[in-house]
Amino acid sequence: MSSNKKYWTSVEELKGSSVVETLKQKEFAEEIPVDEFLGDKESLSNSKTSRRDFLKYVGFSTAAASLAACEGPVVKSIPYVVQPERIVPGVANYYASTIANGFDFQSVLVKTREGRPIKIENNDLSKIKAGGGARVHASVLSLYDKKRVKRPMIDGKNVSWEEFDRQVGAALNGVSGDIVLLTQTFASPSTTKLIQDFSAKYPNVKHVAYDAVSEDAALSAFESRYGRRALPNYDFTQAETIVSIGADFLGDWQGGGYDISYAQSRIPKNGKMSRHVQFESNLSLAGAKADKRVPVKPSEQKAILASLYGYIVGGGSTSELPSKIDDAVVKAASQLRKAGSKGVVVSGIPDADAQSLVLAINEALGSSIMDTDNPRMTRQGNSAQVSELVKEMNAGSVGALMVVGVNPAYSLPNASEFAEGLKNVEVSVSFTMKEDETAKLCKYIAATPHYLESWGDIQFTDNQFSLMQPTIRPLFDTRQFQDCLLKWSGNSQSYHDYIKETWAGNLTGGWNQALHDGVFEGTSPVAATVVEGFTSSANDALSLRKMNASAQEKGEFELTLYTKVSMGDGNQANNPWLQELPDPITRTTWDNYLMMSQADADKLELENEIVSNGALNGSYVNVSLGDTTVKNVPVIIQPGQAKGSVALALGYGKKEGMQKEMQVGVNAYPLYKNFSAFQNVRIEKAAGVHEFASVQMQSTLAGRDDILKETTLSVLTSNSKHQWNGVPEVDYNHQEIPVSDQKADIWRSFDRTIGHHFNLSIDLNACTGCGACVIACHSENNVPVVGKDEVRKFRDMHWLRIDRYYSAGDTFVEEQEKLNNLGAFETYDVIENPSYDNPQVAFQPVMCQHCNHAPCETVCPVAATSHGRQGQNQMIYNRCVGTRYCANNCPYKVRRFNWFNYAQNEEFDYHMNNDLGRMVLNPDVVVRSRGVMEKCSMCIQMTQKTILDAKRDGRPVKDGEFRTACSAACDTGAIVFGDINDQESKVSKLQKDDRTYRMMESLGTKPNVMYQAKITNTAEA
């Protein structure tokens, strides 16, 4: 029988108090200040209620919890009416295609989800890589650029393609002068044939190829020596001695892609590895990886090449180089002769005579590293023809100009002359994705598709080709340049059919097989142009005399114009992933700048200063060349910059067709006189202070000897591992035992031998700092872009960073010895201010180390971070309350805190803030919200899919199937991912390698990320 007794808890309840009645209905009598929490930014920042109070209310109030749950809006999903056969929701499709934008050429795999391209990956079937990795991986975001031209335009007004064709066709038929096609390098047999067909209908057609960053000198030298306008190909895999004179062959030199074979020659095998000597002005990726780097001015580079030619080919040298530099040249020549056919010389000197001497030296060596029989075809620009075109435009002899894939009004050194000449051209058509500087000046704007919406064929080398295919239907009302030419030629074919017809009978495996693989070998269906009257041996004596004379042309400051791995020629300047990618050398984002030596900066009273909030500020200068002045160029004082020389990156300073946030940097193209990267300039200090956004302020490893390990090849081969890569030891029962010993643990570890256990291996010798892995991580894991202001506050969100360290000694070991010898009252200045003249450099990718004994896991009060059985340190985002204890307790500093909602927030106007840009987001990875920690997840979504695919097929996972975004993007093989419980896996074998170590192993965190120590070949000839 139930009780009717009344229970009460206080006298007030018997009195019928109103407070008691309120408490019956609500847990708290005090009203929650909801408006203050969910109001605008100002009310939130001025709220008198603390975060602690809010969490208290949210934790105990049902009403507040319900309110908080309403934060995420409900988005209705609309199912397919008729589902496409090949699209399975939740399952990715991959298509082989090719990027060929005139600067970057590479065969790729395109990952699509529900018809949306969301990620670019490497095509492992391709035998040649010829593009910048970071830019290639970021190119998928350029597809969803809201600044794209969406339909054809005439006089700034939108029109239909029918109207566009009618007006342009009528205009071309009435043209009195030449019809000039000013195009990017297409390297496309079908496009070449199509232009020939177009010329048949309009006999007054001229085709001029224009590369914004010219390789004209190397092309002309090759043409005069071998009769074809191409570039020599290099395979550094078997190289024993590499001598580079001003060639950043790990960057964009001659189209790039050489880092892959170079990295293979740098892995010590059987006690051997290549020896790399670099002569250069500004510190480049190639210079950073060199065994011996000699900083020299551009004029000295020419003298060095002439001297090297004399020592190897001519038997002597007539140069007047300083003794220290000449000694380095003599030793380099000796090593080249010793290496013989395994030696090679490369140069970035923008002079045809210089490039001719390089070819002559390699011929004399009998170099098997240089391949002239299968040359590269991905640069075809002719600077002389471009210069002549501008003169003809101003003379009024050009009746129609079609500009395709280039932006001469921005990138030409004499852009103002081009703009004036364009006024004299009756018919001006711009085929473009953006309403850029050139398109603004043209009457007709033809909206072109992104390469992921296009068809095409590309010739990388004489016998290596690839196909481009659309991976999504055109987002806008666009049309390819080639389709326009077909229509205006009276050909009713589509460009797709035209390509198939061009290659009919030339594809061994057939069209479908070639399209599936993306790459194939064969012979071009269009005959190559061979120059008549060329000689196999050019006049090297004349070239040598010219080179010696040119070396005497010196200036007060000698400028080197270069391209960054992030921005290239500026083609993708409106891409926020690339703008926020830190430069591998300076670690600076969202800027270009004049790099200058400390000595020259002191002379001009220029400085870099780290201000009170830890950010970097710098002085401004004006850079003048003749009557041209580029004003307010910020200065970075760069260790390793040759005295008397400065360097400035191209590709910045664009204004038209750009979001306001991406209009950063200065345009250096006006200084690119005569398409030469070397210029003598005047520099004067300007007023003002520039604010840089840098992600790394520490420069050296001072006192951090267990972060990055390095030794020389001779030590590696002659000493035991314990001497140069010993495991830290701790005291146990008055005896020293390795920290890896189980006796050193105070943890009770679970059995990790069951199932998969993932490890990541990073080889510091193979890593070139290119940044491709950083962009791939952004793409795969929906990492947000935060902008320059937030990066300046060190709030960058990169899950993966590539630390760059300088050494004050010849090696990092020598630096550490200097540190240990400091007296009690001495400071770290001798270490923290490294040798500015010529420091040693090392790159180290760092992500979450996924520690088996993770310090972050023990301090999280809500268990938001925990350890998975497969070795991954996991984050539960909806549990995290943002205490940041884990970040404080992480010795590797790899955790990132979301200060804001970066998605759908108008204050962060990047790709996550518009419907078009958000199409790139990976649906397998959540977009994190404000107030939570995030970090590298070791791409758990990728590992789980691999496991599920194998389970579905009823088979074990094969080695190489497990991949992360960074390991898949790393062409050099520096990053290897896999299961260490698979004893035959590559990562398991690397774990046992003598060079392997764990970062900060003395802490006992037992990371699942391992590194291979950096080895330098210091052996002189």
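Residues numbered from 1 in each chain as written. Predicted model: local features only at pLDDT ≥ 70, side-chain atom pairs only at ≥ 80, totals over all residues. Heavy atoms only, no water.

Some remarks on the packing of helix 10 (residues 216-226) against helix 15 (residues 352-365)
Where helix 10 meets helix 15, the closest approach of the two axes is 8 Å, and the angle between their N-to-C directions is 55°. On the basis of their axis angle, the class for helix 10 and helix 15 is oblique. With respect to the hand of their crossing, helix 10 and helix 15 are arranged in right-handed fashion. Across the interface between the two elements, A217, A218, S220, A221, F222, R225 and Y226 of helix 10 pack against A352, Q355, S356, L359, A360 and E363 of helix 15. By residue class, the composition of the contact of helix 10 with helix 15 is 8 nonpolar, 3 polar and 2 charged. (Axes fitted to C-alpha atoms, helices over the stretch in contact; angles between N-to-C directions. Helix = DSSP H or I, 4+ residues; strand = E, 2+ residues; numbered from the N terminus. Parallel < 35°, antiparallel > 145°, perpendicular 65-115°, else oblique. Left-handed = near helix turned anticlockwise from the far one by under 90°. Contact = heavy atoms within 4.5 Å. Nonpolar A, V, L, I, M, F, W, Y, C, P; charged D, E, K, R; others polar.)

Describing the environment of G651
Residue position: G651 is located in the loop between strand 26 (645-649) and strand 27 (678-691). When the C-alpha atoms of G651 and G570 are compared, they prove to be 3.7 Å apart, with 81 residues separating the residues in sequence. When residues no more than four places from it in sequence are discounted, the contact partners of G651 are Y410, M567, G568, D569, G570, A573 and Y669.

Concerning the sheet that holds strand 10 (residues 275-280)
Taken in spatial order, the 4 strands make up an open sheet running 11-10-9-12, and their pairing is parallel. Both outer strands of the open sheet, strand 11 (292-295) and strand 12 (343-347), are each paired with one neighbouring strand and no more. With direction set aside, neighbouring strand axes in the sheet form an average angle of 10°. Along the sheet, helix 13 (residues 298-314) contacts strand 9 (241-245), strand 10 and strand 12; its crossing angle with strand 9, the most-contacted strand, is approximately 140°. (Pairing = 2+ DSSP bridges.)

Here we look at the sheet that holds strand 6 (residues 178-183)
Pairing in this open sheet of 7 strands is mixed, and the strands run 5-4-16-15-14-6-7 from one edge to the other. Of all the strands in the sheet, the pair left with one neighbour each is strand 5 (157-158) and strand 7 (205-209). Strand contacts of helix 8 (residues 161-173): strand 4 (153-154), strand 6, strand 14 (398-404), strand 15 (427-432) and strand 16 (444-447), with the helix running at about 130° to strand 16, the strand carrying the most contacts.

Notes on the pattern of salt bridges
All told, the structure shown has 45 salt bridges when counted by the stated rule. Note that D909 and K146 form a salt bridge whose closest N and O atoms lie 3.1 Å from each other. With D909 in the loop between strand 37 (896-897) and strand 38 (933-934) and K146 in the loop between helix 7 (133-143) and strand 4, the pair connects residues that are 763 residues apart, well separated along the chain. Judged by relative accessible area, which is 30%, K146 ranks as partly exposed. For E691, the salt bridge goes to R792, with nearest N and O atoms at 3.7 Å. Taken together, the residues span a long stretch of sequence, with E691 in strand 27 and R792 in helix 29 (residues 788-792) at a distance of 101 residues. We classify R792 as buried; its relative accessible area is 11%. Each of K945, D949, R952, D953, R955 and E961 takes part in one network of salt bridges that share partners. (Salt bridge = Lys/Arg side-chain N within 4 Å of Asp/Glu carboxyl O. Buried < 20%, exposed > 50% of the residue type's maximum accessible area, 1.4 Å probe, protein only.)

Nothing here speaks to function; it is all geometry.
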